[in-house]
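The chain contents come next:
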Amino acid sequence: SPGLFAGNVTVASTLQLWGAEANAALALVTQGDFEFIGLVGIRYVDLRETLSISTVSSDILTNPSTVLSQSDSFNTRNQFYGAQIGGKVNWQGDRFTLDVTGKLAVGATHQSIDVQGYSTQTGPGGVNGTFPGGFFAQTSNMGHTSANQFSVIPSLEMKLYLILTANIRAFVGYDFMYWSNVVRPGGQIDRNINLSQSAIFGNGALSGPAFP
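Since the model is a prediction, treat every value here as computed from it, not as a measurement.

> What is the right way to look at the overall build of the chain in this model?
From N to C terminus, the chain includes 0 helices and 7 strands. Listing each helix as α and each strand as β along the chain from the N terminus yields β-β-β-β-β-β-β. By principal-axis analysis of the C-alpha atoms, the chain measures approximately 85 × 35 × 20 Å. Surface accessibility of the chain: about 12,200 Å² in total, with carbon and sulfur atoms responsible for 59%.

Dropping the structure here:
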């Protein structure tokens with residue numbers, strides 16, 4: 001709004017994915033340069049993500065300027081616990097080696113969601129102070145929730161090795177993993193907002209539907 005407001009918006013996100021697994025391996029087929037190994041074990045996968053939106057807006061028509069700062073944070077964590085089965089195929093040639101591993105893990109994902117927000121306003125253009133609720137994070141959706149969901153994690157790992165010397169190999173590879181029933185921070189943002197519950201834009205008390 002040129003001539004009315006000045007300010008900025010900052011959006012930041014983080015993602016951390018890691019896991020661990022333990023498998024028992026049994027050579028089921030060994031024939032010449034070909035080998036097939038069966039796998040059975042347990043798997044843990046952990047995905048943490050954050051999404052924060054911060055805004056500063058100054059009403060330049062007031063003297064001094066009325067400054068509004070708002071912050072929304074959406075944090076999610078998914079923890080998978082399950083059993084898995086799979087197999088690994090290994091082929092060895094004179095110059096090349098191929099490894100292909102496929103696994104399927106079945107278990108439960110513990111989902112955690114944390115939504116927080118606050119607003120701070122100073123100046124003659126409105127109510128002054130720090131209040132709960134930013135813009136997308138309001139009192140109707142703030143807080144911590146958790147749930148457990150059935151999940152599957154199929155994965156595929158492929159590596160093609162080039163034997164350069166007796167002690168040196170170079171390889172190219174591709175890894176694929178799918179994880180069902182995970183919560184993501186962006187999916188927690190509801191753009192349908194009832195601003196009556198905002199102390200800045202409303203009267204600070206929810207009137208009507210509890211959105212977001």
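Once you've had a look at it, read on.
> Sorry, what's going on with the environment of Thr-62 here?
Mapped onto the elements, Thr-62 comes out in the loop between strand S2 (34-59) and strand S3 (66-92). Sequence spacing of Thr-62 and Pro-124 is 62 residues, and the spatial spacing of their C-alpha atoms is 6.9 Å. If we skip the residues at most four places from it in the chain, Thr-62 touches Pro-124 and Gly-125. At a separation of 2.8 Å, a polar atom in the side chain of Thr-62 contacts the main-chain amide nitrogen of Thr-66.

> Can you help me understand the nonpolar core in this one?
Generally speaking, nonpolar side chains in soluble globular proteins are found buried as a group. Core analysis: the biggest nonpolar cluster contains 10 residues, these being Leu-51, Ile-53, Phe-74, Ile-113, Val-115, Phe-136, Ala-137, Val-183, Ile-189 and Ile-193. Taken together, the elements giving at least two residues each to this core come down to S2 and strand S4 (96-122). Not counting chain neighbours up to four residues away, the residues in contact with Leu-51 comprise Val-11, Ala-12, Ser-13, Asp-72, Ser-73, Phe-74, Asn-75, Pro-185, Gly-186 and Ile-189. Val-45, Leu-47, Ala-105 and Ile-153 belong to the second largest nonpolar core, which has 6 residues in total.

> Would you take a moment to explain the pattern of salt bridges for this structure?
Proximity of charged atoms lets side chains of opposite charge pair with each other. Throughout the structure, instances matching the rule amount to 5 salt bridges. Across the pair Arg-48 and Asp-46 runs a salt bridge whose closest N-O atoms are separated by 3.9 Å. Put simply, Arg-184 and Glu-49 hold a salt bridge, and the shortest N to O gap is 2.4 Å. Remark: Glu-49 occurs in strand S2 and Arg-184 occurs in the segment after strand S7 (169-177); sequence separation between them is 135 residues.

> Can you help me understand unusual backbone geometry in this one?
A negative phi angle characterises most non-glycine residues, just as the trans form characterises most peptide bonds. In this chain, Asn-63 is followed by Pro-64 through a cis amide linkage whose omega measures 0 degrees. Note on placement: Pro-64 falls in the loop between S2 and S3. A cis amide bond links Phe-211 with the next residue in sequence, Pro-212, at an omega value of 0 degrees. Within the secondary structure, Pro-212 sits in the segment after S7. Positive phi, normally seen in glycine, also occurs at Asn-181, with a value near 60 degrees. Tracing the backbone shows Asn-181 in the segment after S7.

Parameters and conventions
- Residues numbered from 1 in each chain as written.
- Predicted model: local features only at pLDDT ≥ 70, side-chain atom pairs only at ≥ 80, totals over all residues.
- Heavy atoms only, no water.
- Helix = DSSP H or I, 4+ residues; strand = E, 2+ residues; numbered from the N terminus.
- Areas by Shrake-Rupley, 256 points an atom, 1.4 Å probe, with all protein chains shown as cover.
- Contact = heavy atoms within 4.5 Å.
- Polar contact = N/O pair within 3.5 Å; in protein donor to acceptor, adjacent residues only side chain to side chain.
- Core = buried A, V, L, I, M, F, W, Y, C linked by side-chain atoms within 4.5 Å.
- Buried < 20%, exposed > 50% of the residue type's maximum accessible area, 1.4 Å probe, protein only.
- Salt bridge = Lys/Arg side-chain N within 4 Å of Asp/Glu carboxyl O.

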